[in-house]
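# Observations on chain architecture
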Amino acid sequence: MFVCLFLGLFPFQAPFLPWVMLAFSALLGNPATTDLVGIAVGHTYYYFEYVWPVLADLRGWRPTHFLRAPSFVHRLLSALIEGDWGAAFTPAADIQRPVFVNNDQRQQ
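Residues numbered from 1 in each chain as written. Predicted model: local features only at pLDDT ≥ 70, side-chain atom pairs only at ≥ 80, totals over all residues. Heavy atoms only, no water.

### Considerations on the overall build of the protein chain
Summing up its helical and strand segments, the protein chain has 4 helices and 2 strands in all. Ordered by position from N to C terminus, the α and β elements of the protein chain give β-β-α-α-α-α. Out of the 108 residues in the protein chain, the part that is buried amounts to 14%. As presented, the protein chain carries roughly 8,700 Å² of accessible surface, and 66% of it is formed by carbon and sulfur atoms. (Helix = DSSP H or I, 4+ residues; strand = E, 2+ residues; numbered from the N terminus. Buried < 20%, exposed > 50% of the residue type's maximum accessible area, 1.4 Å probe, protein only. Areas by Shrake-Rupley, 256 points an atom, 1.4 Å probe, with all protein chains shown as cover.)

As structure tokens, this is what we get:
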């Protein structure tokens, strides 16, 4: 584990950074809702991206990836890579989509 220093004074381990930021925000008198929402979203993302596929695989279920980018993001990024900005704004039926795979090269 990495050890971080908050303001050069308070040492803590890296996984506790959101909680340290929450405490610092509360110390400054800011509402905690923004930090708590960020912590909840981060935990939800981690669960569905890393924990859920492993659990589904262990139980013999078909792993479902809930966190996929929308098709307009794929079109926009493929147009950025290819340099054809007109293709990014055409309807989806008119263009061929490249095949995107996850980092672990799983296709479904």
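### Considering the side chain of S25
Locating S25 in the fold gives a position in helix α1 (residues 17-27). Owing to a relative accessible area of 11%, S25 belongs among the buried residues under this scheme.

### Let's talk about helix α2 (residues 33-59)
At V51, α2 is deflected by roughly 40°, the largest bend along its length, and proline P53 occurs up to four residues later in sequence. The complete set of buried residues in α2 reads I39, P53 and A56. Where α2 ends, the next residue or the one after it, G60, has phi of about 85°, a positive value. (Bend = angle between axes of the 7 residues up to and from the residue.)

### Details of the packing of aromatic side chains
Enumeration according to the criterion identifies 5 aromatic pairs in this entry. Here the aromatic residues Y47, F48, W52 and W61 are joined through ring pairs into a cluster of three or more. (Phe/Tyr/Trp six-rings, centres within 6.5 Å; stacked < 30°, edge-to-face > 60°.)

### Topic: the packing of α1 against α2
With their axes 10 Å apart at the nearest point, α1 and α2 run at an angle of 170° to one another. With respect to α2, the axis of α1 lies roughly antiparallel. Residues P18, W19, M21, L22 and S25 of α1 lie in contact with α2, whose contacting residues are D35, L36, I39 and H43. (Axes fitted to C-alpha atoms, helices over the stretch in contact; angles between N-to-C directions. Parallel < 35°, antiparallel > 145°, perpendicular 65-115°, else oblique. Contact = heavy atoms within 4.5 Å.)

### Structural notes on α1
Given 3.6 residues per helical turn, the α-helix brings residues three or four places apart onto the same face. Among all positions of α1, only V20, L22 and S25 are buried. Phi for G29, located one or two positions after α1, is positive at around 90°.

### Focus: the environment of Y45
By the secondary structure assignment, Y45 is in helix α2. With 22 residues separating them in the primary sequence, Y45 and L67 have C-alpha atoms 8.0 Å apart.

### Thoughts on the environment of F48
Among the structural elements, F48 can be located in helix α2. Overall, the relative accessible area of 27% leaves F48 in the partly exposed class. Between the alpha carbons of F48 and H65 there is a distance of 7.3 Å; along the sequence they are 17 residues apart.

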